[in-house]
Amino acid sequence: MIRIDSYPTHTYKGFKLRPGKPLPFGATIVPGGVNFSIYSSHATGCELVLFKKHDPKPFARIPFRDDFKIGNVYAMVVFDLDYENVEYGYVMDGPFDPAQGHRFDKTKILMDPFAKAIGGRDEWGKEPDWNDIYQHRARVAFDDFDWEGDHPLEIPFEDLIVYEMHIRSFTCHESSKVEHRGTFAGIVEKIPYLRDLGVNCIELMPIHAFDEFEQSRISPVTGKRLMNYWGYSNVGFFAPKAGYAATGKFGMEMDELKNMIRELHKNGIEVLLDVVFNHTAEGNEMGPYISYRGIDNHTYYMLTSDGYYFNFSGCGNTLNCNNPIVRNMILECLRYWASEYHIDGFRFDLASILGRDQNGAPMNNPPLLESLAFDPVLGKCKLIAEAWDAGGLYQVGSFPNWGRWAEWNGKFRDDIRRFIKGDPGLVGAVIQRVEGSPDLYRWQGRSTSSSINFITCHDGFTLMDLVSYDGKHNEANGEDNRDGSNDADSWNCGWEGPTEDSGTNFLRMKQIKNALTILMISQGIPMVLSGDEIGNTQLGNNNAYCQDNEISWLDWSLVEHNSDLFNFFKKMIAFRHAHPVLRSREHFRNTDYVGSGYPDISWHGTRAWYVDFSEQSRCIACLLCGKHAKSGTCDDNTIYVAMNMHWEMHGFELPSPPPGERWHVFANTDVVPPQDIWDVGSEQPLDNEYEVLVGPRSVVVLVAK
Amino acid sequence: MKVSKTVKNDIQIIQLSGRLDGNTSPKAQEELTALLDMKTKVVIDMAECSFISSAGLRVLLNLAKTLARNGGQGVLAGLGNEVADVMKITGFGNVFPSFTKVDQALAALKKGNR
């Protein structure tokens, strides 16, 4: 049946038009044409501007007639467009009155905030034409895809092992040997590696459209170009970064990304996106007009009473997340990624901003966060908050959550780093972190999977650098080493930077293994930084946000060079997958509620059943009762983990294994590889059933069987 | 874009010549629907197809689905390296089996290989 509204009703300079539908916002392919719809509550007029792909000048400017406006929405269908070869923008008329929050400028061509595809930076690193009047160009997108039955995986949260990665860093180095380096397609080529490693979830640093040339400059130190490499600065929220696709130059980045997600899902790997809703790439008063500020500045941004930009993001502006319009945009955006791209979950950058009101004050029940928590389309998505912002709000343990939100657990990172380094007074904190941080989450009725446990992430040192540098070495960033965090809790093991000293290198490898082991035996969701499994270094740079070069790119020759470390990671990850006792959703009750003769978890020291909480104590051990695995719903081995972060060896008196079983060594980080770790099922019997010697700064993992 | 059809040993051969893009795809789609018997075997000869866009990929996918629905069978022949690569990394690589030459495609269809 042919719809009666599929015919033009008006013409303008040869273009056939009809009134459009206000919803959905954006450009939508309809029978015979494209429906363009854009919102502005303060504009007094709007024109649609059409370009042929890549052309410097528009081929048409079509004003929205008054009768094409419904409420504050301009909507129009333009017929017979070759929409695959069209780029569109808007010109908005309205007051330029910054004190009142308005910055309309009829000379600017503005990108659609709802653009599903964005051109202008189609190929990564290709210098743009800076004279182009329209830098970031909205395109009409094909959003159909043959998913071949794919569906988000919905792996239970507590069973995830997250691997945080940067699309470009992962395969850009020539040693990656992939055909399409630094792209979505490159990730597909590396799926066998991810499977071999054993992770079942990748968390992608921002893949929304951004401008790698934003604040691009030449490093005075290295002479290399510095870029907006990480991309924590959105141009558009609905469009993938075209330069991350090998086919971006053909405008096929959407399909390439969907193919990547489909292939990852086929291999049991979920995909989380790091989403940056706290600010945009438009910066402060001095920044460029890309979209939002020219369309409806007063709506999209948090403004001071005299019209300046609040800067809770540290990036010049703050998205007005709890304005109802912006809130709806964010919600619609996430729904779009979940439904059209089959994304499994989201990590929200500087998420505390999402809980501030329009004046910047933190709210008790922020409507945006509540909407996301209860949204039906997002009902099975993982929602993860980076529970702080650059305005001083720190909400680890107190992020508004409605039982749905998890948090990057910064306290886990800080406490475990200090413990591994040998700082005193951390035994009590380590108990909390290993148990899934009940001190932060249990009292609110939140599960262990509220805690994303990590020791390293993109922000800060890699794990290798954490044990190789006392201080940051960010000179290459061209800011006189002022940028980046100063309180990394790192320790160089006696020498700053790379060394040939075998003793130091052994200690560094051991410290990495200690960190990974504690991460993998802790309740909550472990997250590993991509490259840590092969000892990747950034040469002490703890803020490589601008380094599109070997500092950031993974050197795949390390897989072979550090094969012992890679082997340790693989087996430790396999150990976590094999043992449900490490992955309880509910917090421990610290009692025996199944009649096994052991509490679900018990804590020990160098003496069994006794913990030394004194300031100088650096020895602690836990016993995880297998009969209590997953709250007693499944049967697992009983596991004992001894952690000695003292610089001397200590004997740990062992609690008795369950009747009829013996202790077997699964891992001992003090032992020279390959006998530092065994395959699951091949653990080696312990000679002395009553005591295990734990070397200086070492962790031993025993399994009863 | 030119769409032409020949028949060899009861197998239809469709030759697509030129650019299969947003401009040419709607017409190509119409012509394919008009020319082809979707219940039988088809070789889609891409040797003269210089470029395929998102819209073009969707023409091929639609053709594959239509053939599958009607009990037909299709294979591609003569894909250029770049076109084949683009199809693979955008997720359209499994739409049809692909052969270097039309003769190989014909032989495969004759044997019933997919």
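Residues numbered from 1 in each chain as written. Chains lettered and ligands numbered in written order. Predicted model: local features only at pLDDT ≥ 70, side-chain atom pairs only at ≥ 80, totals over all residues. Heavy atoms only, no water.

Engineer: When you look at the nonpolar core in this model, what are you seeing that I'm missing?
Structural biologist: Note that soluble globular proteins tend to have their nonpolar side chains buried in a common cluster. Residues Phe-346 and Phe-348 of chain A are the most contacted members of the largest nonpolar core, which totals 202 residues. For this core, the element with the highest residue contribution is helix α6 (residues 324–340) of chain A, accounting for 9 residues. Excluding its chain neighbours within four sequence positions, the residues that come into contact with Phe-348 of chain A are Val-275, Phe-277, Leu-334, Leu-354, Leu-372, Leu-383, Ile-384, Ala-385, Glu-386 and Trp-405 of chain A. Residues Ile-14, Leu-36, Leu-76 and Phe-92 of chain B belong to the second largest nonpolar core, which totals 31 residues. (Core = buried A, V, L, I, M, F, W, Y, C linked by side-chain atoms within 4.5 Å. Buried < 20%, exposed > 50% of the residue type's maximum accessible area, 1.4 Å probe, protein only. Helix = DSSP H or I, 4+ residues; strand = E, 2+ residues; numbered from the N terminus. Contact = heavy atoms within 4.5 Å.)

Engineer: When you look at the sheet that holds strand β20 (residues 382–385) of chain A in this model, what are you seeing that I'm missing?
Structural biologist: In a beta sheet, neighbouring strands are held together by backbone hydrogen bonds and run either parallel or antiparallel to one another. Residues and elements named next belong to chain A. In spatial order, the strands read β14-β15-β18-β19-β20-β21-β22-β23; together these 8 strands close into a barrel with parallel pairing. On average, each strand axis in the sheet is inclined to that of its neighbour by 25 degrees, with strand direction left out of account. Sheet topology note: the strand β21 (residues 405–408)/strand β22 (residues 451–454) ladder contains 2 bridges and is parallel. If you follow Trp-408 over to β22, its bridge partner there is Ile-452. (Pairing = 2+ DSSP bridges. Axes fitted to C-alpha atoms, helices over the stretch in contact; angles between N-to-C directions.)

Engineer: So what exactly am I meant to see when it comes to the interface of chain B and chain A here?
Structural biologist: Often the size quoted for an interface is simply the accessible area lost on bringing the parts together. Each partner contributes residues to the interface: chain B has 21 residues there, and chain A has 21 residues. Carbon and sulfur atoms supply 51% of the area buried between chain B and chain A, which totals about 1,600 Å² over both sides. The tally of links from chain B across to chain A stands at 3 salt bridges. Residues Lys-65 of chain B and Asp-146 of chain A are paired through a salt bridge, measuring 3.0 Å at the closest nitrogen-oxygen approach. Taken together, the connections running from chain B to chain A amount to 11 residue pairs in polar contact (both at pLDDT 80 or more). Looking at the side of chain B that touches chain A, the elements that each hand over two or more residues are β4 (49–52), α2 (54–70) and α3 (81–89) of chain B. With 6 residues, the top contributor of residues to the side of chain B that touches chain A is α2 of chain B. Looking at the side of chain B that touches chain A residue by residue, the class counts come to 8 nonpolar, 7 polar and 6 charged. (Buried area = accessible area lost by both parts, 1.4 Å probe. Salt bridge = Lys/Arg side-chain N within 4 Å of Asp/Glu carboxyl O. Polar contact = N/O pair within 3.5 Å; in protein donor to acceptor, adjacent residues only side chain to side chain. Nonpolar A, V, L, I, M, F, W, Y, C, P; charged D, E, K, R; others polar.)

Engineer: Please clarify how the domain arrangement of chain A should be interpreted in this entry.
Structural biologist: All names here are of chain A. As assigned here, chain A comprises domain 1 (4–139), domain 2 (159–421 + 450–574) and domain 3 (581–704). For domain 1 and domain 2, the distance between their C-alpha centroids amounts to 32 Å. Facing the 39 residues of domain 1 at the interface are 48 residues of domain 2. Overall, the association of domain 1 and domain 2 removes approximately 3,500 Å² of surface from exposure, summing both partners, and the carbon and sulfur fraction of that is 59%. It is Arg-103, Lys-116 and Trp-124 in domain 1 that bury the most area against domain 2; as a group they hold 26% of the surface buried on that side. The shortest N-O distance in the salt bridge between Glu-127 and Arg-225 comes to 3.0 Å. (Domains from an automatic or database assignment.)

Engineer: Please explain the packing of aromatic side chains as it appears in this structure.
Structural biologist: Between two aromatic rings, the relevant description is the distance of the centres plus the angle of the planes. All names here are of chain A. By the definition in use, this model includes 43 aromatic pairs over all chains. Relative to Trp-147, the ring of Phe-145 lies with its centre 5.0 Å away and its plane at 70 degrees, an arrangement referred to as edge-to-face. Given the relative accessible area of 14%, Phe-145 is considered buried. Classification of Trp-147 by relative accessible area gives buried; the value is 12%. The positively charged end of Lys-241 is found above the aromatic ring belonging to Phe-210, 4.9 Å away from the centroid. Over the face of the ring belonging to Tyr-341 we find Lys-258, whose NZ or CZ atom lies 5.0 Å from the ring centre. (Phe/Tyr/Trp six-rings, centres within 6.5 Å; stacked < 30°, edge-to-face > 60°. Lys NZ or Arg CZ within 6 Å of the ring centre and 35° of its normal.)

Engineer: Honestly, unusual backbone geometry in this entry has me stumped. Any pointers?
Structural biologist: Peptide bonds are mostly trans, and most non-glycine residues show a negative phi. All names here are of chain A. A cis geometry characterises the amide bond from Leu-23 onward to Pro-24, with omega recorded as -5 degrees. Along the chain, Pro-24 turns up in the loop between β2 (15–19) and β3 (26–30). Of note, the amide linkage connecting Pro-673 to Pro-674 takes the cis form, showing an omega dihedral of 5 degrees. As for its placement among the helices and strands, Pro-674 is situated in the loop between β28 (663–668) and β29 (684–685). Even without being glycine, Lys-13 reaches a positive phi, approximately 45 degrees. By the secondary structure assignment, Lys-13 is in the loop between β1 (10–12) and β2. Positive phi outside glycine occurs at Trp-609, with the angle close to 65 degrees. The partly exposed category is assigned to Trp-609, whose relative accessible area is 47%.

Engineer: So what exactly am I meant to see when it comes to the pairing of β28 of chain A here?
Structural biologist: A regular strand carries its side chains on alternate faces of the sheet. Residue and element names in this part refer to chain A. Of all 6 residues in β28, 6 are buried, a share of seventy percent or more. Pairing of β28 with strand β31 (residues 698–704) involves 5 bridges; the strand directions are antiparallel. For Ala-667, the partnering residue across the bridge sits in β31 and is Val-701. With 2 bridges joining them, β28 and β29 adopt antiparallel strand pairing. The partner of His-664 across the bridge, within β29, is Pro-685.

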